[in-house]
Amino acid sequence: MKTSYDHIVIGAGALGSAAAYRLAKDGHTDVLVLEQYELGHTRGASEDHSRIIRHTYHSTVYTALTPAAYAAWDEVEDETGLQVVFRVGGLDLAVTGTPGERELDGYRASLAPLAAQGVTWENLGADEIRSRWPQWRIGDDVVGLFQSDGGILDVRRATAAHIALARARGVEFAPGTTVLGLSSTDRQVTVSTSRGEFTAGSVVLCAASWTPTLLPGLGVDWPITLSQEQVSYFATPHLRDFAPDRFPMWIWHGDSFFYGFPVYGEVAVKAARDMSGRFVTQETRSDVPDPAETELVAAFLRDRLPAAAGPELVSKTCVYDMAPDREFILDHVPGHPRIVAFVGGGHAAKFASLLGEILAELATTGTTTHPIHAFRADRPALTDPGFVPSFRLAAAVR
Ligand SMILES: Cc1cc2nc3c(=O)[nH]c(=O)nc-3n(C[C@H](O)[C@H](O)[C@H](O)COP(=O)(O)OP(=O)(O)OC[C@H]3O[C@@H](n4cnc5c(N)ncnc54)[C@H](O)[C@@H]3O)c2cc1C
């Protein structure tokens, strides 16, 4: 059995599959992808029907990357003939006079540099929101920010597409192979697995919420927090009103950050609360949804989107992998220039194909032209023990 490769990718989720595809697309085809479970398994963060894709973000650190993120998905769609991005529109809402409204101001400021690239957005008052989307039950004190490129990334389909495109270029996948440890020298990286030892010129570590299990062996202790998250599908009887051509993806900037989608994937609307704050480990996480969390989201729908509040169809749990500032970690592992790592903070799917390209560049050339300085491993959030964690995806407006 072949045990030595130019590049080994750990993890076949949205990020690892993207890195494998992008390595091969750049001509680096001697690649092995190690995955502990079967391909397409549901214990990771990349196996639901939908994830939000958007230009609207709390910081120019991300809007500096969103146009390239969309372009990367265009390439995948062109190569596969599969649609993975659905621009149903994205609506951010907040109540005037609240921190949520100031968050929307932050989003507008982050969008401003994109105007030169043709990205447009609309500032809406309550009347306009109600006339365009009468599904919303809102008072006159609600405002909105609408951006037409916002929408749905079919992350399950996108990940499967990355895997197929990588395979088509000769990349090998080894599902059911658990990486137990990593070590590196100036010349190579050694990867110990449940199926023996492998070596590679470089390793791309895309293990997401399992990353903390592999870092101590490398002498690195990034303070990554795992949060158990949950999404729910509600079987609304008013399907036509919540169809993608009539209802956008949405984010409610309240004390809680609620978000949701039109009918997609399931015959139901999907809604959830971001960052539940239920901190777990890989040992304490649970696949069993919490009915109290489902009820909290259902109550929000009954209040704000009453026609969407049908019976619960299904709820799913999933885990965020968060640095203390919830920014991405995208860098070489300190002390191991042959190992590149990524941690997504619970908001990386929309960028996955682009991030795969950046990971491939870092693994093969050591650098990238994309602006990723904010994601470096030596930043205070990862190195300063006194850093105070903040997990809300918002510029510090609270
Ligand atoms: C509830 C929820 C909602 C989200 N909503 C959004 C959204 O709206 N928009 C957005 O952009 N992002 C969103 N995200 C985040 C996004 O889904 C993730 O950032 C992205 O899917 C991460 O992909 P990944 O490949 O890094 O992780 P995963 O998909 O978790 O992949 C990691 C893989 O590594 C494998 N692995 C780990 N350790 C080992 C090992 N030791 N040996 C071998 N294999 C290993 C795992 O089995 C797994 O398959 C959400 C996440 C959650 C949980």
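For clarity, every value in this text was computed on a predicted model and none was experimentally measured.

Chemist: Account for the overall build of the protein chain, naming residues and giving values.
Modeler: Helix and strand counts for the protein chain stand at 10 helices and 20 strands. Taking 398 residues into account, the globule formula puts the C-alpha radius of gyration at 21 Å, and the protein chain, at 21 Å, falls close to it. Considered along the principal axes of its C-alpha atoms, the protein chain spans approximately 65 × 40 × 40 Å. Going through the 398 residues of the protein chain one by one, you find that 58% of them count as buried. Put simply, of all contacts in the protein chain between residues at least 6 apart along the chain, 74% involve residues at least 24 apart. Distance from the positive charge centre (34 side chains) to the negative charge centre (48 side chains) of the protein chain: 2 Å.

Chemist: Any details on the environment of Pro 291? Residues and values, ideally.
Modeler: Take Pro 291: it is sitting in helix α8 (residues 291-304). In this structure the C-alpha to C-alpha distance between Pro 291 and Ser 315, which are 24 residues apart in sequence, comes to 8.9 Å.

Chemist: Describe in detail the domain arrangement of the protein chain, supporting the description with residues and values.
Modeler: One widely used convention gives an interface's size as the accessible area the parts lose upon coming together. Partitioning the protein chain into domains gives domain 1 (4-47 + 156-222 + 325-383) and domain 2 (87-150 + 226-322). Here domain 1 and domain 2 have C-alpha centroids that lie 30 Å from each other. The contact between domain 1 and domain 2 buries some 1100 Å² in all, and 45% of this surface belongs to carbon and sulfur atoms. It is Arg 43, Ser 209 and Arg 326 that lose the most area in domain 1 upon contact with domain 2, and together they represent 50% of the buried surface on that side. Taken together, the connections running from domain 1 to domain 2 amount to two salt bridges. One salt bridge connects Asp 274 with Arg 326, and the closest N-O pair in it is separated by 2.9 Å. Inspection of the domain 1/domain 2 interface yields seven residue pairs in polar contact (both at pLDDT 80 or more). Each residue belonging to the side of domain 1 that touches domain 2 can be placed in one class, and the counts come to four nonpolar, five polar and four charged.

Chemist: Give me the side chain of Gln 282: which residues, what numbers.
Modeler: Positionally, Gln 282 belongs in the loop between β17 (279-280) and α8. A polar atom in the side chain of Gln 282 sits 2.8 Å from the side chain of Ser 209. At 3.1 Å, the side chain of Gln 282 forms a polar contact with the side chain of Arg 285. Once residues lying within four places of it in the same chain are set aside, the contact partners of Gln 282 are Ser 209, Trp 210 and Leu 226.

Chemist: Give me the lowdown on the site of the ligand, citing residues and values where you can.
Modeler: Every one of the 33 residues lining the ligand counts as a neighbour, but Glu 35, His 41, Ser 46, Ile 52 and Cys 318 are closest to it. With respect to the ligand, the backbone of Val 179 contributes an N or O atom lying 2.8 Å from a nitrogen atom. A distance of 3.1 Å separates an oxygen atom of the ligand from a polar atom in the backbone of Ala 349. In isolation the ligand offers 1000 Å² of accessible surface; the protein chains occlude 97% of this area. Those elements giving two or more residues to the shell around the ligand turn out to be α1 (14-25), β2 (31-35), β3 (51-53), β13 (225-234) and β18 (312-322). If one sorts the elements of the shell around the ligand by residue count, β18 sits on top with three residues. Class assignment for the residues of the shell around the ligand results in 19 nonpolar, 10 polar and four charged. Looking at the shell around the ligand, you find at least three residues from each of domain 1 (4-47 + 156-222 + 325-383) and domain 2 (87-150 + 226-322).

Chemist: An account of unusual backbone geometry is requested, with residue identities and associated values reported.
Modeler: Residue Ala 208 is not a glycine yet carries a positive backbone phi of 45°. Mapped onto the elements, Ala 208 comes out in the loop between β12 (196-205) and α7 (211-214). Residue classification places Ala 208 among the partly exposed positions, given a relative accessible area of 26%. Backbone geometry at Met 275 places phi at a positive 65°, although glycine is not the residue there. Among the secondary structure elements, Met 275 is positioned in the loop between β16 (269-273) and β17. Accessibility expressed as a relative area gives 18% for Met 275, which makes it buried.

Reading guide: rules and limits
- Residues numbered from 1 in each chain as written.
- Predicted model: local features only at pLDDT ≥ 70, side-chain atom pairs only at ≥ 80, totals over all residues.
- Heavy atoms only, no water.
- Helix = DSSP H or I, 4+ residues; strand = E, 2+ residues; numbered from the N terminus.
- Rg over C-alpha atoms; globule rule 2.2 N^0.38 Å.
- Buried < 20%, exposed > 50% of the residue type's maximum accessible area, 1.4 Å probe, protein only.
- Contact = heavy atoms within 4.5 Å.
- Lys, Arg positive; Asp, Glu negative; His and termini not counted.
- Charge placed at Lys NZ, Arg CZ, Asp CG, Glu CD.
- Domains from an automatic or database assignment.
- Buried area = accessible area lost by both parts, 1.4 Å probe.
- Salt bridge = Lys/Arg side-chain N within 4 Å of Asp/Glu carboxyl O.
- Polar contact = N/O pair within 3.5 Å; in protein donor to acceptor, adjacent residues only side chain to side chain.
- Nonpolar A, V, L, I, M, F, W, Y, C, P; charged D, E, K, R; others polar.
- Near = heavy atom within 4 Å.
- Areas by Shrake-Rupley, 256 points an atom, 1.4 Å probe, with all protein chains shown as cover.

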